[in-house]
Amino acid sequence: DTEVTQTPKHLVMGMTNKKSLKCEQHMGHRAMYWYKQKAKKPPELMFVYSYEKLSINESVPSRFSPECPNSSLLNLHLHALQPEDSALYLCASSSSGHASYNEQFFGPGTRLTVL
Amino acid sequence: KQEVTQIPAALSVPEGENLVLNCSFTDSAIYNLQWFRQDPGKGLTSLLLIQSSQREQTSGRLNASLDKSSGRSTLYIAASQPGDSATYLCAAVNQAGTALIFGKGTTLSVSS
């Protein structure tokens with residue numbers, strides 16, 4: 001299984017809502033990533049989990065809260081978002097999150113719209 | 001800080017043509033470079049990964065080269081097809097060796 005899955009595919013939420021994005025992989029990878037991609041822009045790194053521990057937080061606002069319950073699952077909890085947070089949220093995984101870098105595999109993304 | 005640039009931003013070619021997409025990076029001390037394809041509104045599909053010790057990788061009609069000394073990588077697509085129409089992104093691993101830094105992409109349109 002060389003697939004990264006993400007749910008939901010689409011999400012519309014108000015600024016006062018609390019929602020979560022889910023990402024799952026069964027490739028035995030030990031590094032998982034969240035990226036944010038605005039329209040016609042490249043993906044920008046948000047968070048990196050390595051061996052289920054948060055290793056990188058790219059100065060992301062606290063209204064985004066990542067969670068890695070186990071080595072196969074990565075969540076992104078959303079609260080009090082702003083309309084400018086509307087974007088495609090991409091999850092990725094790789095064998096390792098350390099300097100012995102390996103190929104990253106991406107999921108299909110969640111299209112988030114904040115009203 | 002690593003910066004990745006892709007030229008051209010957009011490219012239109014007729015079916016069957018061979019083409020080259022260019023990617024340049026500012027820090028030659030990269031671990032790897034990865035090429036992706038992205039269809040509109042979709043996720044990224046990995047095409048090729050070139051390790052820092054390699055000079056090129058091939059997969060089907062795709063060939064990617066890496067020249068660390070000049071800070072350049074190219075993606076060669078042979079005998080282009082309308083199904084190749086997509087945005088192609090190159091990404092270099094950041095200085096910490098932990099995550100990807102993306103270029104802005106080249107949007108390719110292949111007409112039949």
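Residues numbered from 1 in each chain as written. Chains lettered and ligands numbered in written order. Predicted model: local features only at pLDDT ≥ 70, side-chain atom pairs only at ≥ 80, totals over all residues. Heavy atoms only, no water.

(A) Representation of the state of the cysteines. Scanning the model with the defined rule gives 2 disulfides over all chains in all. Bridging Cys23 of chain A to Cys91 of chain A, the disulfide has an S-S length of 1.9 Å. Since a negative S-S torsion denotes a left-handed disulfide, the Cys23 of chain A-Cys91 of chain A link at about -70° is left-handed. A residue pair is termed long-range when its members are at least 10 positions apart, and Cys23 of chain A in strand β3 (residues 18–25) and Cys91 of chain A in strand β9 (residues 87–94) qualify at 68 residues. The burial state of Cys23 of chain A is the same as that of Cys91 of chain A; both residues are buried. Across a sulfur-sulfur distance of 2.0 Å, Cys23 of chain B and Cys90 of chain B are joined as a disulfide pair. The disulfide joining Cys23 of chain B to Cys90 of chain B has a torsion of about 75° about its S-S bond and is therefore right-handed. In this pair, Cys23 of chain B is assigned in strand β3 (residues 19–25) and Cys90 of chain B in strand β9 (residues 86–93), connecting sequence segments 67 residues apart. (Disulfide = S-S within 2.5 Å. Helix = DSSP H or I, 4+ residues; strand = E, 2+ residues; numbered from the N terminus. Buried < 20%, exposed > 50% of the residue type's maximum accessible area, 1.4 Å probe, protein only.)

(B) Structural context of the confidence of the model for chain B. Per-residue confidence for chain B averages 92 on the pLDDT scale, and 99% of its residues sit at or above 70. The least confident element of chain B is strand β10 (residues 100–102) of chain B, whose mean pLDDT is 91; the most confident is strand β11 (residues 106–111) of chain B, at 97. (pLDDT = per-residue confidence, 0-100.)

(C) Fine view of the sheet that holds strand β8 (residues 72–77) of chain B. Residues and elements named next belong to chain B. If you trace the 5 strands from one edge of the open sheet to the other, you get β1-β3-β8-β7-β6, paired in antiparallel fashion. Lying at the two open borders of the sheet, with one neighbouring strand each, are β1 (4–7) and β6 (56–59). For this sheet the average axis-to-axis angle between neighbouring strands, irrespective of direction, equals 15°. In terms of strand pairing, β6 meets strand β7 (residues 62–67) through 4 bridges, oriented antiparallel. By the bridge assignment for β7, Glu56 is matched with Ser65. (Pairing = 2+ DSSP bridges. Axes fitted to C-alpha atoms, helices over the stretch in contact; angles between N-to-C directions.)

(D) How the structure looks around unusual backbone geometry. Residue Pro8 of chain A follows Thr7 of chain A across a cis peptide bond; omega there is -5°. Secondary-structure assignment places Pro8 of chain A in the loop between β1 (4–7) and β2 (10–13). Cis peptide bonds are those with omega within 30 degrees of zero, and the linkage from Ile7 of chain B to Pro8 of chain B qualifies with 0°. You will see that Lys40 of chain A, though not glycine, has its phi angle at about 60°, which is positive. Note on placement: Lys40 of chain A falls in the loop between β4 (31–37) and β5 (44–50). Even without a glycine there, the phi angle at Ala80 of chain A is positive, about 55°.

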